[in-house]
Structures are given as structure tokens and as C-alpha cells.
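Per-entry structural report
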Amino acid sequence: KKLNKVDRPLLTEVPKIKKLNAADFKEAKDKGIKLIDARNKVDFAAGFIPGSINIQGNNAFATWAGWFINYDEPFMLVAADSQIEDLTRKLMRIGLDNIYGYINNVTVFEGELQKSNVIDLEQFKDLYNNNNIQVVDVRGESEYRAGHIKGAENIFVGTLEANLKKFKTDKQIVINCQSGDRTAIAYSLLAKHGIKGVKNYGGGMNEWVNTGNPVVTEN
């Protein structure tokens, strides 16, 4: 709606996005330009640039990008050379065309990478049964009400940044979603905002339900 009310240039073809070298990237990052990492969640978890947001470059990429990028702010991408044109096209379709540049590998970053703490079902069960933890379900409200882990709180990933105070940093925080895609986004957002020690139950509700564990429903 906002874009329909303002004059914007007509883009008739996908623009060529600048590939940043190490110096270009450092300068942009030092300026605070937002970094979206479009790699697979597994690759992201193995090593990511501090402050980056993991939005996987799949069919939902533009949907989630729209939640975390403002139309008037420049941003950078981490993506393979072969992905850039497709991702740029996806972003253009929702008016996000202010791409500053991209890097195709996190090794361009001249600093220490961070890693995601992804846990499996047994590790989650051990924490859940033996510790006073905060379980946060980052799915949508309707999904949460249809069935969630007992005691889990619902903080939708799209509004997570507006609800950071709800995360209890004096407890062990474990996040879950349906299959691990949205917790990859949530984990990166929490890390970006300095909330440390979070664990990502990557199997999510799919694994939880498929292995016969109970859920709570709300009408």
C-alpha cells in the first residue's frame, strides 16, 4: 500500500548487483548496513557473520525479507553467485530493490564467525524435563493454538524484535517452530540483539509430534 502512493522508478529488468570485496564489505558493515544471509540454515548454523539475519533463499525468501527490511534502507546479501539474480527478482517483486551489494562467502568477513546452537530431540527432552527453561514457539498464533509443547510461550518470529523483553535471559531459552526454518531466522535475530546462550530445537513440532510426544491445544 505504501509503495502504491509514492513515485518509484520502473524496473524493467533485474539490475546487476555489485559483488563486494573484503574492503567494500567491511566499510559497509561498519556503517551498519543490514546483512541478510540467504544460505541454507545448516550452512548458516555452521558459521555466520555476527549481526547477520538468516533468511533462506527459498520460495519464502521474499515473504520473510518483507518482515525485516525497510523499503528505504540499503542492505547486503550473503548468497552464491548463481542465486543473486533470482533473489534480486524476488525482492524486487515486493519493492525491496535497495540492495547495496553481496558477498558469496562468509570468508570475506575479516573476523570471527559465530555458530548456532542447534539441539536434537533428546537434548531438548533432557533440558525440558530437568531444567527450568523458557521454551518459545516462534510460529504464528493459529499454528500455536492448534498444538504446541506444554509450557511453551508464543512469540511470532515476524514480531520478535518488538518483543525482545519477553525473552527471559536469566533462564535457558530454547526456541522451536514447525521444522526449523523460522527458528533459524529467530536465532539469528536474537544473536543480533545480543541475547546469548539460546538453543534452537531444530526438529520442531514436526519431529515432536511424529515421535509421539504430547501437545496442548487452545480453542
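In this text, all values refer to a predicted model and were calculated from it rather than measured experimentally.

Moving on: the pattern of salt bridges. Under the criterion given, the structure shown has 13 salt bridges. Between Glu27 and Lys31 there is a salt bridge, with the nearest N and O atoms lying 3.6 Å from each other. When its relative accessible area of 56% is taken as the criterion, Lys31 is described as exposed. One salt bridge in this structure joins Arg39 and Asp37, with 2.9 Å as the shortest N-O distance. The exposure class assigned to Arg39 is buried, which follows from its relative accessible area of 16%. Take Asp37: its relative accessible area is 0%, and that puts it in the buried class.

What follows deals with the nonpolar core. In terms of nonpolar packing, the biggest core is built from 37 residues, with Leu77, Phe167 and Ile175 touching the most fellow members. Listed by contribution, the elements that provide at least two residues to this core are helix H3 (61-68), strand S3 (75-78), helix H4 (84-92), strand S4 (99-103), strand S8 (172-176) and helix H7 (181-192). Looking at this core, the element that brings in the most residues is H7, giving five residues. Discounting residues that sit within four places of it in the chain, Leu77 has contacts with Leu35, Ile36, Phe61, Ile84, Leu91, Ile99, Gly101, Tyr102 and Ile103.

Turning our eyes to something else, we now look at the packing of H3 against H4. The N-to-C vectors of H3 and H4 enclose an angle of 60 degrees; their axes lie 9 Å apart at closest approach. Compared by their axis directions, H3 and H4 come out oblique. As H3 runs across H4, the sense of the crossing is right-handed. Judged by residue contacts, Phe61, Ala62 and Ala65 of H3 engage Leu87, Lys90 and Leu91 from H4. Class assignment of the residues belonging to the contact of H3 with H4 gives a composition of five nonpolar, no polar and one charged.

A word on the sheet that holds S3. With respect to topology, four strands assemble into an open sheet ordered S2-S1-S3-S4, the strand pairing being parallel. If you trace the sheet from one side to the other, it starts and ends with strand S2 (53-54) and S4, each paired once. Direction of pairing for S3 relative to S4: parallel, over a ladder of four bridges. Bridge pairing links Phe75 to Ile99 in S4.

Here the focus is the confidence of the model for the chain. Detailed reading of the predicted model is not advised wherever pLDDT is low. Per-residue confidence for the chain averages 94 on the pLDDT scale, and 95% of its residues sit at or above 70. Here residues 1-8 scores under 50 on pLDDT; set against residues more than four positions off or in separate chains, the count is six contacts.

Further remarks concern the sheet that holds strand S9 (residues 199-201). Strand order in the open sheet made by the five strands is S5-S9-S8-S6-S7, with parallel pairing throughout. Where the open sheet ends on each side, the last strands, each with one partner, are strand S5 (118-119) and strand S7 (153-154). Pairing analysis gives two bridges linking strand S6 (residues 133-137) to S7, with the strands arranged parallel. Within S7, the position partnered with Val136 by the bridge is Glu153.

Among the five residues in S6, five count as buried, and that is most of the element. In the sheet, S6 pairs with S8 via five bridges, with the strands oriented parallel. Paired with Gln134 across the bridge in S8 is Ile173.

Looking now at the side chain of Lys199. Counting through the fold element by element, Lys199 comes out in strand S9. One buried charged residue, Lys199, forms no salt bridge at all, with the nearest opposite charge on Asp126 at 9.5 Å. Not counting residues within four places of it along the chain, the set of residues in contact with Lys199 comprises Asn117, Ile119, Leu127, Gln172, Ile173, Val174 and Ile175.

What counts and what doesn't
- Each chain has its residues counted from 1, following the order in which its sequence is written.
- The predicted origin of the model limits local features to residues at a pLDDT of at least 70 and limits the giving and counting of side-chain atom pairs to 80 or more, whereas totals for whole chains, interfaces and linings rest on all residues.
- Computation of side-chain values covers all heavy atoms of the structure but excludes hydrogens and water.
- In the sections that follow, a salt bridge refers to a side-chain nitrogen of Lys or Arg positioned within 4 Å of a carboxyl oxygen of Asp or Glu.
- Each residue's exposure class comes from its accessible area (1.4 Å probe, protein chains only) as a fraction of the maximum for that residue type: buried when under 20%, exposed when over 50%, partly exposed otherwise.
- Residues belong to a common nonpolar core when they are buried Ala, Val, Leu, Ile, Met, Phe, Trp, Tyr or Cys residues joined through side-chain atoms within 4.5 Å.
- Secondary structure elements follow DSSP: runs of H or I no shorter than four residues count as helices, runs of E no shorter than two count as strands, and numbering proceeds from the N terminus.
- Here, residues are in contact when the closest pair of their heavy atoms is within 4.5 Å.
- Axis lines are fitted to C-alpha atoms, over the contacting stretch for helices. Their N-to-C directions set the angle, which ranges from 0 to 180 degrees.
- Comment on the angle field: the value is read as roughly parallel under 35 degrees, roughly antiparallel over 145, roughly perpendicular from 65 to 115, and oblique elsewhere.
- Should the near helix be turned counterclockwise from the far one by less than a right angle, the crossing is left-handed, whereas a clockwise turn marks it as right-handed.
- Charged means Asp, Glu, Lys or Arg here, nonpolar means Ala, Val, Leu, Ile, Met, Phe, Trp, Tyr, Cys or Pro, and polar covers whatever is left, Gly included.
- Here, strands pair whenever DSSP counts at least two bridges between them.
- Per residue, pLDDT captures the predictor's confidence, and it can take any value from 0 to 100.
- Charged residues are defined here as Lys and Arg on the positive side and Asp and Glu on the negative side; His and the ends of the chain fall outside this count.

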